[in-house]
Amino acid sequence: MSFALAAAFAAPGLAVGSFLNVVAARLPLHRSLVKPRSACMSCGHEISARDNIPVLSYVLLRGRCRHCGAHIPARYPAVELTTALLAAGCALRFGLTWYALFAAAFCGVLVAISAIDIEYRIIPNRIVLPAAGVALVLQLVREPSLEWPVAALGASLFLFVAAVAHPRGLGMGDVKLALFLGAFLGWTVSVALMVGLVAALVPSVVLFARHGKAARKMTIPLGPFLALGAVVALFAGDAILHWYLGLMH
Ligand SMILES: [Zn+2]
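What counts, and where the lines are drawn
- Residues numbered from 1 in each chain as written.
- Predicted model: local features only at pLDDT ≥ 70, side-chain atom pairs only at ≥ 80, totals over all residues.
- Heavy atoms only, no water.
- Helix = DSSP H or I, 4+ residues; strand = E, 2+ residues; numbered from the N terminus.
- Rg over C-alpha atoms; globule rule 2.2 N^0.38 Å.
- Buried < 20%, exposed > 50% of the residue type's maximum accessible area, 1.4 Å probe, protein only.
- Lys, Arg positive; Asp, Glu negative; His and termini not counted.
- Salt bridge = Lys/Arg side-chain N within 4 Å of Asp/Glu carboxyl O.
- Phe/Tyr/Trp six-rings, centres within 6.5 Å; stacked < 30°, edge-to-face > 60°.
- Lys NZ or Arg CZ within 6 Å of the ring centre and 35° of its normal.

A.B. asks: I tried to follow the overall build of the chain on my own but got confused; where do I start?
C.D. replies: Looking only at helices and strands, the chain features nine helices and zero strands. Starting at the N terminus and walking to the C terminus, you meet the elements of the chain as α-α-α-α-α-α-α-α-α. Over its C-alpha trace the chain gives a radius of gyration of 19 Å, about what one expects of a compact globule, namely 18 Å for 249 residues. Projected onto its principal axes, the C-alpha coordinates of the chain cover approximately 65 × 55 × 30 Å. Here the chain holds 249 residues, and the buried ones make up 42% of them.

A.B. asks: Before we go on, may I ask you to explain the side chain of Glu80 in this structure?
C.D. replies: One can find Glu80 in helix H3 (residues 75–94). One buried charged residue, Glu80, remains without a salt bridge, the closest side chain of opposite sign being Arg75 at 9.6 Å.

A.B. asks: Sorry if this is basic, but what is going on with the packing of aromatic side chains here?
C.D. replies: What describes a pair of aromatic rings is the distance from one ring centre to the other and the angle between the planes of the rings. Taken as a whole, this structure holds six aromatic pairs when the rule is applied. Seen from their ring centres, Phe106 and Phe180 are 5.1 Å apart, and the 50° between their planes marks the pair as tilted. One end of the pair, Phe106, is in helix H4 (residues 98–120); the other, Phe180, is in helix H7 (residues 172–185), with 74 residues separating them in the sequence. Both residues of the pair, Phe106 and Phe180, belong to the buried class. Taking the relative accessible area as the measure of exposure, Phe106 reaches 2% and is therefore buried. Pairwise contacts between aromatic rings join Phe94, Tyr99, Phe106, Phe180, Phe184 and Phe235 into one cluster. Residue placement shows Arg75 over the ring face of Tyr76; its charged tip is 4.9 Å from the ring centre.

What follows is the structure, encoded as structure tokens:
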């Protein structure tokens, strides 16, 4: 039963992931999301339906364009697979509920934002602000509470202060992302921020060890790490928060 439910979420998750690739490639360039059809970035050949099957086409084509042999970025199957796995995870964790669907959508937005932040080093307002608004309304309708707006404002204020203190470490995009995370996660957004900031330390330390002082000029996008923290908080935030608060007593 649970396997069937996971599969029922994973299959559309693949298709949504495929669309998120289009969003990630086109939205930052202000291009239409529907027209024209996808084409090879290298030779411009339109991608046929049989070569546009999520993950499978990439594997069958061995990561190359059928016409010119140019490499297809691994980001494409990675986005599709990640979206599908997260959707399946939401089904397993939250069962056949509306919340599972909202959580899967939350994850999808995080995947798109991460892909764009890695590629372009921006978190587009046109994604993160409407997403924050929708998340807030959904949560308020689902469970009317001050938790959602307070967590949203608190999380973004926390990152705003950090951004003012370390302007090169994080930007206003991260502050707006925190607004979205807080609106959906509520109090467990604290877990998301903590896990995200700690996870972001790992590549920083690696860069510093490899490049010494020159590493200070290299920046890593924070968005994907905050997204990772948000996924941890979504699935295990309550347990982590209870454990942590238990330690304090
Ligand atoms: Zn090509």
